[in-house]
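Next come the chains, spelled out residue by residue.
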Amino acid sequence: MRSWWRSTPAAEDAAPPEPTAPPPPAEPAEDERRGWFSRLRAGLAKSSARLTDGINAIFTRRRLDDVALGELEDLLIASDMGVGVAEEVVDALRKTRFGQEVSPEEVRGALATEVVRLVQPVQKPLALDVAKKPFVILVIGVNGSGKTTTIGKLARRYQDEGRRVVLAAGDTFRAAAVEQLQIWGERAGCPVITRPQGADAAGLAYDALEMARRDGADVLLIDTAGRLHNKADLMAELQKIVRVLKKLDPGAPHAVLLVLDATVGQNAHAQAEIFRQMVGVTGIVMTKLDGTAKGGVLVSLAEKYGIPIHLIGVGESAEDLRPFEAEPYARSLVGLEA
Amino acid sequence: MFESLSNRLNEVFDRLRRRGTLSEDDVGAALREIRIALLEADVALPVVRDFVAAVRAEAVGQAVLRSVTPGQMVVKIVHDHLVKVLGGEEERGPSGGPAGLDLNAPAPVAVMLVGLQGSGKTTTAAKIGLRLKTRERKKVLMASLDVQRPAAQEQLAQLGRQTGVATLPIVAGERPVAIARRALQVARGEGYDVVLLDTAGRLHVNEELMLEVAAVREATTPHQTLLVADAMTGQDAVNVAKAFAERTGLTGIVLTRVDGDARGGAALSMRAVTGKPIVFIGTGEKIDALEPFHPARIAGRILGMGDVVSLVERAAETADKDDADRLAARLEQGRFDLDDLASQLRQLRRMGGMSSMLGMLPGIGKIKRQIDAANLDEKLLARQEAIISSMTKSERKNPKLLNASRRIRIAQGSGTSVPEINRLLKQYQDMAGMMKKMKKLGQRGLMRHGLSALMPGGGGFHR
Ligand SMILES: Nc1nc2c(ncn2[C@@H]2O[C@H](COP(=O)(O)OP(=O)(O)O)[C@@H](O)[C@H]2O)c(=O)[nH]1
Ligand SMILES: Nc1nc2c(ncn2[C@@H]2O[C@H](COP(=O)(O)OP(=O)(O)O)[C@@H](O)[C@H]2O)c(=O)[nH]1
Ligand SMILES: [Mg+2]
Ligand SMILES: [Mg+2]
């Protein structure tokens, strides 16, 4: 069985470099994959188990009446989808199936279809434009959402693809944030531009872009300090980083990734709205989907803002980054095997 | 997106009053609004269900139907019930204040912090360390058992240096249980009162890591085990809290990032599921941003009613009474000049800026964000005060006098610019308009509609 977070070649982003090395021996790779595979599968199985149990309990040989639909709506709400969207999804089901005798399998399939309809349009890989040298990716979000870890994962992936990556340790606020990124840099084997704690993040970003350019880097990943979107001064600081980058390259940053934690509730709306207004978010990464949180808020975000969703984080290691795929995401959300 | 619950209930009951009767269905309609409000505030569904059932039982029996403003009555019942569930009055310390952290055990008292990745454990450990050191004169040792996240131990070490709280020297490669044992050993040997054990973030479904934390617990038998959780957490809060309570035996909860604008329903979820008190809230990234938990404040926030009580308290503490009296008198007369604006600006500055104040007002999140976005910070307030103080007395009384050449003079005098002065005058005009409106609305209107009634464009209240 294929699991939904495993990347398909089609979902991978822009042109990985031609494989020059021979393909790695199959056995160890398979073993390694089984490691994270079973780990993640266990986590995800648990996260959908509740929903699956619920749906089975509601719909085994049962008529789809108002009570049943209400319970179904509750199950969607429990995924953080939000009351409004959960109602919409259930209403769609009501229109086509009301009063019918339905099996759990049918209901889940129909629900998944509705969810897919909402998130399919935002399933977009993070595409690197190789003409941009370097391609500048600014990573933003609230505190602790997983920005630094995501950068570490992306760095590893781009390095593995044979690209030259530079990291900028733009979190000059949090204790040991620089050291944390340095360790990720070592792991991926790429340089990390740093300044002492308390230094101006915009200045650092400027230097980093200049340096990355001079060194002919392909990708520059800029880390930022976590900030709550309701703090005006911190949002202004972020705008300054963008302004300063544009002095060197009017097109930069070429991607602005908003990192959301899967456990987040309805506040994700405020986060998306304000970060988007302030610095223009080009894509979303959702981390920590390896827990029981289902990240259902992505569905309502997709409907409301249409910001592309690029990637998901499913663990703390470098390899735990997957492309976001609508269909498997939706199926897993409603408790179906992918 | 979120309107205040009281507004929505008022709408429900306004409709009803026009019909003049109140049926069972009508009460049901109010409870549906409450359910939605709680869900939008991220209270977990099972908790919402219990809560609504309890409120129904309470509300139907009471004089809700007969009360003059049924909407307000329901809000009051809901609010009081929320406060009760969140901890109510029972969790008072001996001095009448919030209970805080109980450290009543033989030294060294071990306190363990657990939670998901990135929830704020390390920061909170340092905050608690600093608090115990400065307020309770405790000798505190902090130890990081986080061998998972890169540079996590270094993070705590740096925070220890910043706060002047001792940290256990890092031994590379040492495992969590061994670190914990060593921490207690050092604490006993060197006479520490408290040992704070900062653990790695872990998902409650990660069996290996849950076993690890259980082993640490066994090795150290902490007197306090605190679940550190993000105020932005959604529906998953119940699963997380339940799992940690079962596996690590919680004694309390710390809610972080309360300085954000999340409604914080997770507080209710976790409290209801674990039955454990919320001992502290984190209100910022700075190392002193830790406060005791006040159920009423979070209750108001979850309902979107803000916390009028604490606003009033704080205003009373900080506002200059003469200024306030004077302003009140002038509002009575429907007058508002630039001197009044200057005294307003001074008060705002004293109260810690407009945005922190607005955060406590009913349903004002959106306006607050707009103001935050407009960067109305303390520096700006100070500049605006400077502008006004560069005006002559007669200009302040009668802003109409301010023609172009006078504005240039004031810009030079205050080290600002003419556009800034224009903006200030525009703001003054808006406020003067609002003040007139306020006078018309009167006290009752203000209570019913909240500040939004005063905001140009009505803020985010209308559907
Ligand atoms: N389980 C899990 N943990 C993650 C994931 N992404 C990040 N983390 C953890 O979340 C915590 C915060 O991550 P970090 O990158 O430091 O967040 P930042 O403050 O946004 O830079 C760390 O303990 C990470 O290991 C993920 O996808 N799954
Ligand atoms: N705004 C705000 N940020 C906080 C608060 N508590 C912690 N943080 C931030 O959240 C991030 C993660 O905190 P950390 O202590 O490393 O989390 P841990 O992974 O659970 O140890 C850091 O950027 C902290 O500065 C809080 O109460 N308010
Ligand atoms: Mg970081
Ligand atoms: Mg930590």
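Just so you know, the residues in each chain are numbered from 1, in the order the chain's sequence is written. A letter from A marks each chain and a number from 1 marks each ligand, given out in the order of writing. Confidence filtering applies because this is a predicted model: local features only for residues at pLDDT of at least 70, side-chain atom pairs given and counted only at 80 or more, and all residues used for totals across whole chains, interfaces and linings.

Engineer: Just to check I follow, could you spell out the overall build of chain B for this structure?
Structural biologist: In terms of helices and strands, chain B carries 20 helices and 8 strands. Burial in this document is a count-based property: other C-beta atoms within 10 Å of a residue's C-beta are tallied, and the residue is buried at 20 or more, exposed at 12 or fewer, or partly exposed in between, with C-beta positions derived from the backbone. By the burial criterion, 45% of the 463 residues in chain B qualify as buried. Long-range pairs, those at least 24 residues apart, make up 74% of the contacts in chain B with a sequence separation of at least 6. For helices the rule is a DSSP run of H or I covering at least 4 residues; for strands it is a run of E covering at least 2, with both sets numbered from the N terminus onward. Note that contacts rest on C-beta atoms placed from the backbone: two residues are in contact if these are within 7 Å.

Engineer: Hey, could you run me through the domain arrangement of chain A in this one?
Structural biologist: A common measure of how large an interface is: the accessible area buried when the components associate. All names here are of chain A. Domain boundaries shown here were taken from an automatic or database domain assignment. Per the domain assignment, the segments of chain A are domain 1 (27–122) and domain 2 (135–324). Among the secondary structure elements, those contributing two or more residues to the side of domain 1 that touches domain 2 are helix 1 (26–59), helix 3 (83–97) and helix 4 (104–119). When residues in the side of domain 1 that touches domain 2 are grouped by element, the largest group, 5 residues, is from helix 1. Nonpolar residues are Ala, Val, Leu, Ile, Met, Phe, Trp, Tyr, Cys and Pro. Charged residues are Asp, Glu, Lys and Arg, and all others, Gly as well, are polar. Partitioning the side of domain 1 that touches domain 2 into residue classes produces 10 nonpolar, 5 polar and 2 charged.

Engineer: I'm lost on the environment of Gly28 of chain B in this one. Help?
Structural biologist: The topology assignment puts Gly28 of chain B in helix 2 (residues 24–40). Along the sequence, Gly28 of chain B and Ala215 of chain B sit 187 residues apart, while their C-alpha atoms lie 49 Å from each other.

Engineer: Is there a simple way to explain the nonpolar core in this structure?
Structural biologist: Soluble globular proteins tend to bury their nonpolar side chains together. With 191 residues, the main nonpolar core has Ile137, Leu167, Leu220 and Leu221 of chain A together with Val195 and Leu197 of chain B as its most contacted residues. Those residues within four positions of Leu197 of chain B in sequence are excluded, and the remaining contacts are Ala110, Val111, Met112, Leu113, Ala143, Leu145, Ala180, Ala183, Val216, Thr220 and Pro222 of chain B. Throughout this description, the term nonpolar core refers to a group of buried Ala, Val, Leu, Ile, Met, Phe, Trp, Tyr and Cys residues whose C-beta atoms join them within 7 Å. In terms of nonpolar packing, the next biggest core, distinct from the first, is built from 9 residues, Leu338, Ile387, Ile388 and Leu424 of chain B among them.

Engineer: What is the right way to look at helix 8 (residues 207–220) of chain B in this model?
Structural biologist: In an α-helix, one full turn covers 3.6 residues, which means residues spaced three or four apart are oriented alike. Residues and elements named next belong to chain B. Expected span of a helix, by definition, is 1.5 Å for each gap between consecutive residues, and there is one gap fewer than residues. The terminal C-alpha atoms of helix 8, which comprises 14 residues, lie 20 Å apart, in line with the 20 Å expected from a rise of 1.5 Å per residue. Of the positions making up helix 8, those classed as buried are Glu212, Val213, Val216, Arg217 and Thr220. Across the axial projection of helix 8, the buried residues extend over an arc of 140°, all falling on one side. Residues Glu207, Glu208, Leu211 and Glu218 are exposed on helix 8 and point more than 90 degrees away from its buried face. For helix 8, the secondary structure elements touched by its buried residues are strand 1 (109–114), helix 7 (176–190), strand 4 (194–198), strand 5 (224–230) and helix 9 (237–248). Backbone geometry just downstream of helix 8 places Thr221 in the positive-phi region, at approximately 35°. This arc describes the spread of directions from the helix axis toward the C-beta atoms.

Engineer: Looking at this model, I keep getting lost on unusual backbone geometry. Mind explaining?
Structural biologist: With omega at -10°, the peptide bond leading from Ala252 of chain A into Pro253 of chain A counts as cis. Along the chain, Pro253 of chain A turns up in the loop between helix 8 (232–248) and strand 7 (255–261). Here the amide bond leading from Ala107 of chain B into Pro108 of chain B is cis, since omega sits at -5°, within 30 degrees of zero. Following the sequence through the fold, Pro108 of chain B ends up in the loop between helix 4 (70–85) and strand 1.

Engineer: What is the right way to read the site of ligand 2 from this model?
Structural biologist: As a structural note, the neighbourhood of ligand 2 is formed by 22 residues, with Asn143 of chain A together with Gly120, Thr122, Thr123 and Gly282 of chain B the closest of them. Contact assignment follows one rule, namely that a residue is near a molecule or strand if its backbone-placed C-beta atom lies within 6 Å of it. The local environment of ligand 2 is shared, drawing residues from chains A and B. At 3 residues, the largest contribution of residues to the shell around ligand 2 is made by helix 5 (residues 121–135) of chain B. Within the shell around ligand 2, the residues separate by chemical class into 2 nonpolar, 15 polar and 5 charged.

Engineer: Honestly, the interface of chain B and chain A in this entry has me stumped. Any pointers?
Structural biologist: With 38 residues of chain B at the interface, the matching set in chain A holds 40 residues. If you list the elements that add at least two residues to the side of chain B that touches chain A, you get helix 2, helix 6 (152–163) and helix 16 (365–373) of chain B. In terms of residue count, the dominant contributor to the side of chain B that touches chain A is helix 6 of chain B (4 residues). Here the side of chain B that touches chain A is composed, by residue class, of 13 nonpolar, 14 polar and 11 charged.

Engineer: What should I look at first to understand the pairing of strand 8 (residues 283–287) of chain A in this one?
Structural biologist: On any regular strand, side chains alternate: one points to one face of the sheet, the next to the other face. All names here are of chain A. Among the 5 residues that make up strand 8, 5 are buried, leaving the element largely enclosed by the rest of the structure. At least two DSSP bridges between two strands are required for those strands to pair. Where strand 7 and strand 8 come together, 5 bridges link them in parallel fashion. Residue pairing in the sheet places Asp261 in a bridge with Thr287 of strand 8. Orienting the strands away from the viewer, one traces the path from the first strand over the helix to the second; a clockwise path indicates a right-handed crossover. Following the backbone out of strand 7, through helix 9 (residues 267–279) and into the adjacent parallel strand 8, one traces a crossover that is right-handed. For strand 8 and strand 9 (residues 309–313), the ladder comprises 3 bridges, and the chain directions are parallel. Considered in strand 9, the bridge of Val285 is made with Leu311. Where the polypeptide runs from strand 8 across helix 10 (residues 297–305) and back to strand 9, its parallel neighbour, the crossover connection is right-handed.

Engineer: Would you mind showing me how to read the site of ligand 1 here?
Structural biologist: Gly146, Thr149 and Gly313 of chain A together with Gln117 and Gly118 of chain B are the nearest of the 23 residues found near ligand 1. One chain alone does not account for the residues near ligand 1; they come from chains A and B. With 3 residues, the single largest contributor to the shell around ligand 1 is helix 5 (residues 147–160) of chain A.

Engineer: Got a minute to help me understand the environment of Val83 of chain A in this structure?
Structural biologist: Within the secondary structure, Val83 of chain A sits in helix 3. We classify Val83 of chain A as partly exposed; it has 19 C-beta atoms within 10 Å. Residues Val83 of chain A and Ser300 of chain A, 217 residues apart in the sequence, show an inter-C-alpha distance of 9.5 Å. Not counting chain neighbours up to four residues away, the residues in contact with Val83 of chain A comprise Ile77 of chain A together with Ile36, Leu39 and Glu40 of chain B.

Engineer: Just to check I follow, could you spell out the sheet that holds strand 3 (residues 135–140) of chain A for this structure?
Structural biologist: Sheets are built from strands that pair by backbone hydrogen bonding, the pairs being arranged parallel or antiparallel. Residue and element names in this part refer to chain A. Read across the sheet, 8 strands follow the order 5-4-6-3-7-8-9-10 without closing on themselves; strand pairing throughout is mixed. Either end of the sheet is taken by a strand with one partner, and the two such strands are strand 5 (192–193) and strand 10 (321–323). Relative to strand 6 (residues 219–222), strand 4 (residues 165–168) runs parallel, the two being bridged by 4 bridges. Looking at the pairing, Ala168 lines up with Ile222 of strand 6.

Engineer: Is there a simple way to think about the confidence of the model for chain B in this case?
Structural biologist: Segments scoring low in pLDDT should not have their predicted coordinates read at a detailed level. All names here are of chain B. pLDDT expresses how confident the predictor is about each individual residue, on a scale running from 0 to 100. Taken over all residues, the pLDDT of chain B has a mean of 78, while the share at 70 or more is 69%. Note on residues 64–68: pLDDT is under 50 here. Beyond four places in sequence and across chains, it has 7 contacts. Segment residues 357–367: pLDDT under 50, and 40 contacts once partners within four positions in sequence are set aside and those in other chains are kept. Reported confidences for the modelled complex are a pTM of 0.77 and an ipTM of 0.83.

Engineer: What's the story with the packing of helix 3 of chain A against helix 4 of chain A in this structure? I'm lost.
Structural biologist: A pair of packed helices can be characterised by two numbers: the angle between their axes and the separation between those axes. Residue and element names in this part refer to chain A. Every angle, taken between N-to-C directions, lies between 0 and 180 degrees, and every axis is a line fitted to C-alpha atoms, over only the stretch in contact when it is a helix. Helix 4 packs onto helix 3 with a crossing angle of 130° between their chain directions and a minimal axis gap of 10 Å. The angle between the axes of helix 3 and helix 4 places the two elements in the oblique class. Considering how the two elements wind past one another, helix 3 and helix 4 form a crossing that is right-handed. From helix 3, Val89, Ala92, Leu93 and Arg97 reach across to helix 4, where they touch Ala110, Leu111, Glu114 and Val115. Angular relationships are summarised with four words: roughly parallel below 35 degrees, roughly antiparallel beyond 145, roughly perpendicular across 65 to 115, and oblique for the angles in between. Should the near helix be turned counterclockwise from the far one by less than a right angle, the crossing is left-handed, whereas a clockwise turn marks it as right-handed.

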